[in-house]
Amino acid sequence: MKDNEWELLGVRELAATDESAEEFTGTLLIHRVVGSEPVEAVSVRVKRSVLAELQANLSRLLQRSVRFTPPPR
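Think of each chain on its own: its residues are numbered from 1, step by step along the sequence as written. With the structure being a predicted model, the display of local features is reserved for residues of pLDDT at least 70 and the display and counting of side-chain atom pairs for 80 or more, all residues being used for whole-chain, interface and lining totals. Each side-chain value is derived from all of the structure's non-hydrogen atoms; neither hydrogens nor water enter the calculation.

Let's talk about the overall build of the protein chain
A run of DSSP states H or I qualifies as a helix once it reaches four residues; a run of E qualifies as a strand once it reaches two. Both are numbered from the N-terminal end. When its secondary structure is counted, the protein chain shows one helix and three strands. Starting at the N terminus, the α and β elements of the protein chain follow one another as β-β-β-α. Computed over the C-alpha atoms, the radius of gyration of the protein chain is 15 Å, more than 25% above the 11 Å expected from 2.2 N^0.38 for a compact globule of 73 residues. Only protein chains enter the accessibility calculation, which uses a 1.4 Å probe; a residue is then buried when its area is under 20% of its type maximum, exposed when over 50%, and partly exposed in between. Among the 73 residues that make up the protein chain, the fraction classed as buried is 14%. The reference for a compact globule is 2.2 Å times residues^0.38; the radius of gyration itself is calculated from the C-alpha atoms.

Right under this line is the structure:
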């Protein structure tokens, strides 16, 4: 099933769409894992609740990672 797998390469230009910042738009840079297709740039619209969920999950995953060092504040 590797033919259906995509790799997330980055997120660009993520910005609020309104003053209340309940929704954000940006571009996902993705690439098919198997194959030589070029990188795709996909425009996305993301709700604040989804970003908050991602933040919680990614923070937990990174904290469990042995090699992760939090950036200085």
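Notes on the pattern of salt bridges
Salt bridges are defined as contacts in which a side-chain nitrogen from Lys or Arg sits within 4 Å of a carboxyl oxygen from Asp or Glu. Applying the stated rule across the entire model yields four salt bridges. A salt bridge links glutamate 23 to lysine 47, with the shortest nitrogen-to-oxygen separation between them at 2.9 Å. Here glutamate 23, found in strand S2 (residues 23-32), pairs with lysine 47, found in strand S3 (residues 40-47); they are 24 residues apart in sequence, far enough to count as distant. Overall, the relative accessible area of 47% leaves lysine 47 in the partly exposed class. The partner of arginine 32 in a salt bridge is glutamate 37, and the shortest N-O contact between them spans 3.5 Å. With relative accessibility at 22%, the residue arginine 32 sits in the partly exposed group. One salt-bridge network, in which partners are shared between bridges, spans Glu23, Arg45 and Lys47.

Considering unusual backbone geometry
Phi at glutamate 13 takes a positive value of approximately 55 degrees, unusual for a residue other than glycine. By the element assignment, glutamate 13 lies in strand S1 (residues 6-16). Among the residues examined, glutamate 13 registers a relative accessible area of 67% and is labelled exposed. Located in the positive-phi region is alanine 21, a residue other than glycine, with phi close to 55 degrees. Note on placement: alanine 21 falls in the loop between S1 and S2.

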